[in-house]
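Each chain, letter by letter, is given below.
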Amino acid sequence: WRNAQPRHTSHAPMKKHDCGMVSFGQDKLVLFAGYGYPSPRVHPGSIFMPDKRYKDGSGWCNELHLFDTETGTMSYQPTTGTPPPCQSFSLTNISTTKAIM
């Protein structure tokens, strides 16, 4: 076990919970969606949907990031189409390059 920390925060995801994560290949983790607070930098193509029940600025997102465990780098991954902002789901690998939600 080791605590993997990003070395650069310019492509960091928003602070969130209830997101999905799966391994991708040998040394990468895919992080998708979740619920939390928007980061100061909104990535092109990503959507943040505020939760109208609360006045604290929290909400859902559809961000997709790739964390390389070898280099400690996080990168935003643009998507094809527009996946909806969501939370509280599971991702399961079905191969080394595919997962289902």
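What counts as what
Residues numbered from 1 in each chain as written. Predicted model: local features only at pLDDT ≥ 70, side-chain atom pairs only at ≥ 80, totals over all residues. Heavy atoms only, no water. Helix = DSSP H or I, 4+ residues; strand = E, 2+ residues; numbered from the N terminus. Rg over C-alpha atoms; globule rule 2.2 N^0.38 Å. Buried < 20%, exposed > 50% of the residue type's maximum accessible area, 1.4 Å probe, protein only. Contact = heavy atoms within 4.5 Å. Lys, Arg positive; Asp, Glu negative; His and termini not counted. Charge placed at Lys NZ, Arg CZ, Asp CG, Glu CD. Phe/Tyr/Trp six-rings, centres within 6.5 Å; stacked < 30°, edge-to-face > 60°.

A. Spatial organisation of the overall build of the protein. When its secondary structure is counted, the protein shows zero helices and eight strands. Helices (α) and strands (β) of the protein occur, in sequence order from the N terminus, as β-β-β-β-β-β-β-β. Here the C-alpha atoms of the protein give a radius of gyration of 14 Å, agreeing with the 13 Å that 2.2 N^0.38 yields for 101 residues. With respect to the principal axes defined by its C-alpha atoms, the protein has extents near 40 × 30 × 25 Å. Counting all 101 residues of the protein, 35% fall into the buried class. In the protein, once contacts between residues fewer than 6 apart in sequence are set aside, the share between residues at least 24 apart is 52%. The averaged location of the 7 negative side-chain charges in the protein is 4 Å from the averaged location of its 10 positive side-chain charges.

B. Seen up close, the packing of aromatic side chains. For the structure on display, the rule yields two aromatic pairs. With 5.3 Å between their ring centres and 75 degrees between their planes, Y35 and W60 make a pair best called edge-to-face. With Y35 in strand β3 (residues 28-37) and W60 in strand β5 (residues 59-68), this pair connects stretches of sequence that are 25 residues apart. The same class applies to Y35 as to W60, namely buried.

In short, geometric facts, not functional conclusions.
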